[in-house]
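Observations on the three-dimensional arrangement
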Amino acid sequence: MLENLVYEALCIAIEAGKIIMKFHGDTTHIQKADKSPLTQADLESNAYITQHLQAISPYKVCSEEAVLEYNERKDLEYFWLIDPLDGTKDFISGNGNFTINIALLHKNEVALGVVYAPCLYEAYIGLKGFGSFSYNICDFKNFACMNLEKKSRIEWLKTHKILLAKEYVKKIYGDNLEFLSGVDSHIKQEILKNIDEYIESSHASKSAESFEKIDSMPLANQKRLLACDSIHHSTKATEEFLQRYNALVLKRGSSLKICALASGIADIYPRMNGTSEWDTAASEIILLESGGITLDLQTKKPLCYNKENIRNNHFVAFAKSHKNGDIYRDIIES
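So, here's what we can say about the structure. (Residues numbered from 1 in each chain as written. Predicted model: local features only at pLDDT ≥ 70, side-chain atom pairs only at ≥ 80, totals over all residues. Heavy atoms only, no water.)

Re the environment of K22
Along the chain, the position of K22 falls in the loop between helix 1 (2-21) and strand 1 (30-31). A residue is classified by how much of its surface remains accessible, and K22, at 70% relative accessible area, is exposed. Each C-alpha atom, one on K22 and one on A41, is 8.1 Å from the other, the two residues being 19 residues apart in sequence. (Helix = DSSP H or I, 4+ residues; strand = E, 2+ residues; numbered from the N terminus. Buried < 20%, exposed > 50% of the residue type's maximum accessible area, 1.4 Å probe, protein only.)

Next comes the structure, spelled out in structure tokens:
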């Protein structure tokens with residue numbers, strides 16, 4: 001049942017993306033109580049997603065724009081947790097780095113997640129125990145513009161998905177990462193170099209044991225660390241962290257940062273300022289199912305969901321290649 005839900009949720013995200021794109025270029029917004037911006041695109045995307053999630057499932061919806069109070073959700077076995085427009089500042093600035101986040105929570109854990117960037121045509125899905133996947137961006141752009149019946153759309157999504165793993169990066173973003181928008185050319189070259197070296201090393205041996213050895217290589221034997229950082233929400237603490245580990249920085253907005261770890265184009269993402277559960281839930285299950293992990297800097301465990309306080313602690317997210325590596329151990333032992 002949940003496998004079908006993840007594809008249905010992605011179909012809903014695609015249509016919500018079309019609604020958002022009608023407002024792209026319109027910078028009109030108001031300021032919410034927490035001083036974050038709110039646009040008409042947020043509100044209309046929220047209304048569409050909420051209505052259609054309730055049509056495909058019996059589960060309640062908790063949204064950034066319509067929060068389900070703790071006494072209403074604390075005992076629910078399942079409920080939807082959504083951010084109908086993650087990265088509103090990116091939306092207003094016109095850089096394209098905004099996403100729709102849809103997650104299904106099972107008690108305190110994420111069961112499935114969908115992240116879709118309608119301006120970039122990047123789509124990512126994850127389902128607990130099933131894996132995490134993306135799509136060739138050029139193909140997905142053509143697909144998103146097709147007028148297909150629901151059954152045909154879901155069949156396309158099932159048959160065209162690409163496993164999120166470092167060796168498949170070029171299948172998603174193109175041989176020269178030409179479909180990876182808004183990324184500096186020198187960062188693209190570093191990503192390509194890293195991917196090519198990984199594939200070359202992987203082909204040196206076909207045994208599963210060799211793949212494990214490559215993934216757990218000490219950082220001293222790997223290329224320079226590539227870290228994601230927020231376009232609009234970086235902090236001095238984040239910058240100091242990145243400098244401490246001599247990291248190259250890939251600037252991305254919204255949930256695209258965690259998805260970059262899941263796909264293998266980046267290694268690590270430190271987040272040293274506030275986020276809420278709807279900001280991270282969908283992308284975190286995508287990362288976890290790709291073999292990566294997030295570490296809450298207070299608990300030293302993955303992020304917890306359906307808390308009374310929906311705010312997250314500061315955290316660091318790791319791609320599979322850097323899970324249990326030097327930085328991971330530094331945090332665990334600190």
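Here the narrative resumes, following the displayed structure.
Some remarks on the packing of aromatic side chains
A full pass over the atoms with the stated rule returns 12 aromatic pairs. Between the aromatic rings of F130 and F133, the centroid separation amounts to 5.5 Å while the plane-to-plane angle is 55°, which identifies the pairing as tilted. Take F130: its relative accessible area is 29%, and that puts it in the partly exposed class. A relative accessible area of 9% means that F133 is categorised as buried. Judged by centre distance (6.1 Å) and plane angle (65°), the rings of F140 and W156 are edge-to-face. With a gap of 16 residues between them, F140 in helix 5 (residues 137-144) and W156 in helix 6 (residues 150-160) connect regions that are remote in the sequence. Exposure class is identical for F140 and W156. Each is buried. Through a chain of ring-to-ring contacts, three or more aromatic side chains come together here, namely Y116, Y135, F140, F143 and W156. (Phe/Tyr/Trp six-rings, centres within 6.5 Å; stacked < 30°, edge-to-face > 60°.)

Quick word on the side chain of K257
Tracing the backbone through its elements, the reader meets K257 in helix 11 (residues 256-263). For K257, which is buried and forms no salt bridge, the nearest opposite charge comes from D90, at a distance of 6.2 Å. Discounting chain neighbours no more than four positions away, the residues touching K257 are C228, D229, S230, R252, Y269 and R271. (Lys, Arg positive; Asp, Glu negative; His and termini not counted. Salt bridge = Lys/Arg side-chain N within 4 Å of Asp/Glu carboxyl O. Contact = heavy atoms within 4.5 Å.)

Side note on the pattern of salt bridges
Enumeration according to the criterion identifies 12 salt bridges in this entry. Among the ionic pairs, R329 bridges to D326, the shortest N-O distance being 2.5 Å. Taken together, the positions of R329 and D326, both in helix 13 (residues 326-333) and 3 residues apart, correspond to about one turn of that helix. Looking at D326, the relative accessible area reads 30%, which means it is partly exposed. Ionic contacts of the salt-bridge type, sharing partners, join the residues E15, K18 and R153 into one network.

Here's the deal with helix 13
Looking only at helix 13, the buried set comprises I327, Y328 and I331. Along the long axis of helix 13, the arc covered by the buried residues comes to 105°, so they all point the same way. Here the buried face of helix 13 lies against helix 10 (236-244), strand 12 (268-271), strand 14 (293-296) and strand 16 (315-318). (Arc of directions from axis to C-beta.)

A closer look at the layout of surface pockets
Each pocket or cavity is described by its volume, and for the largest pocket that value is around 710 Å³. Lining the largest pocket are 36 residues, and of these S36, E64, H233, G274 and D279 lie nearest its centre. Those elements that provide at least two residues to the lining of the largest pocket are strand 4 (78-86), helix 4 (88-93), helix 11, strand 12, strand 13 (275-276) and helix 12 (277-289). At 4 residues, helix 12 tops the list of elements feeding residues into the lining of the largest pocket. (1 Å grid on protein atoms, 1.4 Å probe; cavity = no way out; pocket = protein on both sides within 12 Å on 5 of 7 lines; lining within 4 Å. Points joined across faces, edges and corners; volume = space filled by probe spheres on them.)

Points about the pairing of strand 7 (residues 122-127)
Burial within strand 7 is extensive, with 6 of its 6 residues counted as buried. Linking two consecutive strands that pair antiparallel, namely strand 6 (residues 109-117) and strand 7, is a turn of 4 residues; a positive phi of about 60° is found at Y121 within it. As judged from the 4 bridges shared by strand 7 and strand 8 (residues 131-134), these two strands associate in the antiparallel manner. For I125, the partnering residue across the bridge sits in strand 8 and is F133. (Pairing = 2+ DSSP bridges.)

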